[in-house]
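These are the residues of each chain, in order.
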Amino acid sequence: MGWFDYGDNYEGVFCMRWMILLVLLILLFFTGYGFAKEAEILVKADYVERMPEVNLVIARGDVEIIYDDTKIWADEVHMNTETKDVVATGNVVIWEISEDEKGKHVRGYMKCDKLEFNMDTKKGVAYRARGYLDPFYYFEGTKVVKVDEDTYNIDNGTLTTCTSECNENPDWHLRGSRIAIKTESYTKVFGVSGWIKSIPVLYSPYLQVPSKSERKSGLLVPTFGYKTDDKFFIKVPVYFVINRSSDLTLWFTPYSSGSLGTAFEYRNVFSKDEKLKIKGDYIQHKDGDVRWALKGGFNKYVGIDTELKGSVSIKNTSYRRYYADTFGEYSEIYSDSYLQFLKRTDYTSLNVLLRYQSDNISGSSQKLYKEPEMDFNVFPINTKIINNLFVGGYGGLLVYKNKNDNLNLDYTLTRLMLEPKLYLPFTFLETLKFLPTYSYSYTYWSRSRDGEGRVSQGSISRDLGNIGVYVRGPIAMKPYKLPVLGELYHFVVPEVKYIYIPRYGDRTRVVIFDERDTLNDRNYVTYSLSNRFLAVRDGVVKEVLRVAFEQDYRMHSLVSHSKNFSDVRVIFDIYPRNFYINTRLFYNVYGKGITTKALTFGYSGNISGDTRGNFKVNYYEDNIALSRYMEYTFGFGVSNLEANFALRRDIKNDYWPEKVFYVGYAKNCWAMRVGYRILDTTLTGGRKDRTLYFIVIFKGLGGVGVVDETNRDWINMVKNKWKVNF
């Protein structure tokens, strides 16, 4: 049998041919990969000399070398083509480029006098170098050694987050005999000194700062402050990363008075709109007083258009006080928690609320419980039975327990409330809108009050049918052409509202918990006339003037000598450019004149160039309640500097209950704010408290100072300006 004579064994021949073909394909596949063409090294220069016998390339004059994700510029470069070792001298710049889902960006660059670098391993040494590392760190040193892809060792170096515009003389920087930078980790500085411009302000033998964009566990920057009762304190935070979506922060706060406080915060982000947060704090004062609090909240989507959210808040206070030659113990635990279920569709919304409140006070043996309360709404439902008919409603069950041994009280009360509603909005002649409503309210209380106001055994119920009508229009409009404002439109809008709630029994028998129990009878009309002027310029619509008048007419009143007409309410708002004036006047039509005045005027905008300013003055006077006060807020800013102060004056009692002043300065790599506050409560039996607070923030490092509600908004503003989370 010859080479090609297989007799009748066609199946064997067929299988062997396929095996040979498969082997050839495998060889071609691996051969192709084995001899894959390597990335080319591109060399551009005024003069290039190649020496293949010694694997050497010499380039001079505007040299540019590109290999993989690395680019080198220099006056002269010597490169070994086999080992890819590069020696560059004269105005050397090296760039390293990264690429992610957002595209290409600079991972780091460095300028130096001389560079020894391997294009394959990305390791090397730079002399007299300065550079940048992602995300915002700038460094400088006599010698910079790149140990691996993410590690740099710097001799006699500096480190800052000030941008390249101020890198020649940064606003702040750290100096160290040796700096070890590990990207996406931490930077260690040995023999460190901190500098503001050319002034040294800090020295430490060792300092560790973050050099990462991802979260890492560790010790955060402490904050300092002062409180009237506990004196000076230092708050030391420790941060733990649990996983990609959750973290935990612990705080330890010793006070100079001997008090001690701790706190924690746990956060979990399920998605962009689904979060869980739990916070707690504990403080034991030097005199033995103890206070602790626990607060948490969450929201979670459990289906399409279905949301579940809740909150829990618990506060505890306990202390000892000296009463009549003996010590008395006092403690109180207050809690308020809820669980809410929300369901929304195109025509329906459902809201179910379960709530629990309790206030447990010892000493007086008084206990107060508010058991779960259910609150639900279904609004609106478009039944389509009648065109544009909407159905809504409310229903709630409340259980209340009260126990007080001193007053010999121990009872439970239940309240049941149901209130269905119907809405039938429609439009007539396009400019005339009607909204009639009808609702029926039924309420049952298992207990009531007797003639002396005490809670008795007898139950009580209330059923009311309520009617309301809202009419808007017809609306009149007239356009104007003005040289300064452009197009001006004047709208005249009349509105009428009518509501009727009938009287019911003896309301003094009702046990009142909230506004639903204080439903007063109503039978009155509210009518108003509004004049609105809207300017349209360059496609932008802005309201420049609003004048409105409003008054009520009561059909009947519980008080026989009451007048039927209410005060006339006058609204006057004007917005000339960056100014605004808001005026509210209540005028009594029965001879008492103006009973209430409220005036607010202010300005906010640029004065010239980088100079900006704002002010606001608020005046309020109530001749019925005999109160009168003024509030002043003034501020200005020049470039990166801002200053503000606020004053509140009680004119009736001739004193200043609050004065606040603060000044802030924010640049592109650091920010500072100092404030002073005086709170005077001596008129109500309190005292005059003075508080000095400050905070200094360094981009990429964190902050030092006191963080409270007075400067939290400012901190968020700085975060948005820098586009980082410190």
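Placed above this text is the structure.
Thresholds, definitions, all that
- Residues numbered from 1 in each chain as written.
- Predicted model: local features only at pLDDT ≥ 70, side-chain atom pairs only at ≥ 80, totals over all residues.
- Heavy atoms only, no water.
- Helix = DSSP H or I, 4+ residues; strand = E, 2+ residues; numbered from the N terminus.
- Buried < 20%, exposed > 50% of the residue type's maximum accessible area, 1.4 Å probe, protein only.
- Contact = heavy atoms within 4.5 Å.
- Areas by Shrake-Rupley, 256 points an atom, 1.4 Å probe, with all protein chains shown as cover.
- Disulfide = S-S within 2.5 Å.
- Core = buried A, V, L, I, M, F, W, Y, C linked by side-chain atoms within 4.5 Å.
- Patch = residues over 30% accessible without salt bridge, like charges linked within 9 Å, V, L, I, M, F, W, Y side chains within 5 Å.
- Salt bridge = Lys/Arg side-chain N within 4 Å of Asp/Glu carboxyl O.
- Lys, Arg positive; Asp, Glu negative; His and termini not counted.
- Charge placed at Lys NZ, Arg CZ, Asp CG, Glu CD.
- Pairing = 2+ DSSP bridges.

### Observations regarding the overall build of the chain
Argument step 1. Helix and strand counts for the chain stand at two helices and 45 strands.
Argument step 2. The burial tally for the chain puts 34% of its 726 residues in the buried class.
Argument step 3. Of all intrachain contacts in the chain linking residues separated by at least 6 positions in sequence, the fraction that spans at least 24 positions is 39%.
Argument step 4. Total accessible area computed for the chain in this model is approximately 43,600 Å², and 58% of it derives from carbon and sulfur atoms.

### What about the state of the cysteines?
Argument step 1. Per the stated rule, a full pass over the model turns up one disulfide.
Argument step 2. Here C162 pairs with C669 through a disulfide, and the sulfurs are 2.1 Å apart. Handedness of the C162-C669 disulfide follows from its S-S torsion of about 55°: it is right-handed. Of the two residues, C162 sits in the loop between β9 (151-160) and β10 (172-182) while C669 sits in the loop between β42 (655-666) and β43 (670-680), which places them 507 residues apart along the sequence.

### Some thoughts on the nonpolar core
Argument step 1. In terms of nonpolar packing, the biggest core is built from 39 residues, with I72, V77, A88, L115, F139, V144 and I181 touching the most fellow members.
Argument step 2. Leaving out residues up to four positions away in the same chain, A88 has contacts with I72, A74, E76, V77, D113, K114 and L115.
Argument step 3. Counting eight residues, the second-largest nonpolar core is a separate cluster that includes A666, I695, W714 and W722.

### Quick word on a positive patch on the surface
Argument step 1. Side chains of K275, K277, K279, K295 and K315 sit close together on the surface and give a patch of like positive charge.
Argument step 2. At three residues, strand β18 (residues 274-284) tops the list of elements feeding residues into the positive patch.
Argument step 3. Take K277: it is sitting in strand β18.

### Some remarks on the pattern of salt bridges
Working definition: two side chains of opposite charge can pair if their charged atoms are close together.
Argument step 1. This structure, assessed with the given rule, holds 26 salt bridges.
Argument step 2. A salt bridge links R454 to D450; its shortest N-O distance comes to 3.3 Å.
Argument step 3. We note a salt bridge from R569 to E550, for which the minimum N-O separation is 2.9 Å. Of the two residues, R569 sits in strand β36 (residues 568-574) while E550 sits in strand β35 (residues 540-554), which places them 19 residues apart along the sequence.
Argument step 4. Classification of R569 as buried rests on a relative accessible area of 18%.
Argument step 5. You can call E550 partly exposed: its relative accessible area is 27%.
Argument step 6. Here the residues in one salt-bridge network are D69, E96, R107, K122, K146 and E149, joined through shared partners.

### Quick look at unusual backbone geometry
Argument step 1. Geometrically, the link from G473 to P474 is a cis peptide bond, its omega value of 0° lying close to zero.
Argument step 2. With a phi close to 45°, D62 is a non-glycine residue in the positive phi region.
Argument step 3. The phi angle at R577 is positive, at roughly 50°, despite the residue not being glycine.
Argument step 4. As for its position among the elements, R577 is in the loop between β36 and β37 (579-588).
Argument step 5. We classify R577 as exposed; its relative accessible area is 67%.

### Considerations on the pairing of strand β33 (residues 486-501)
In the case of a regular strand, side chains alternate between the two sheet surfaces.
Argument step 1. Looking at chain direction, strand β31 (residues 460-472) and β33 are connected through six bridges and run antiparallel. If you follow G468 over to β33, its bridge partner there is I499.
Argument step 2. Inspection of the sheet shows strand β32 (residues 476-482) paired to β33 by seven bridges, in the antiparallel sense. Counted as the bridge partner of M477 is F491 from β33.

### A closer look at the environment of Y587
Argument step 1. Locating Y587 in the fold gives a position in strand β37.
Argument step 2. C-alpha of Y587 to C-alpha of D567: the two residues are 20 residues apart in sequence and 5.1 Å apart in space.
Argument step 3. Filtering out sequence-adjacent residues up to four positions away, Y587 remains in contact with D567, V568, G593 and I594.

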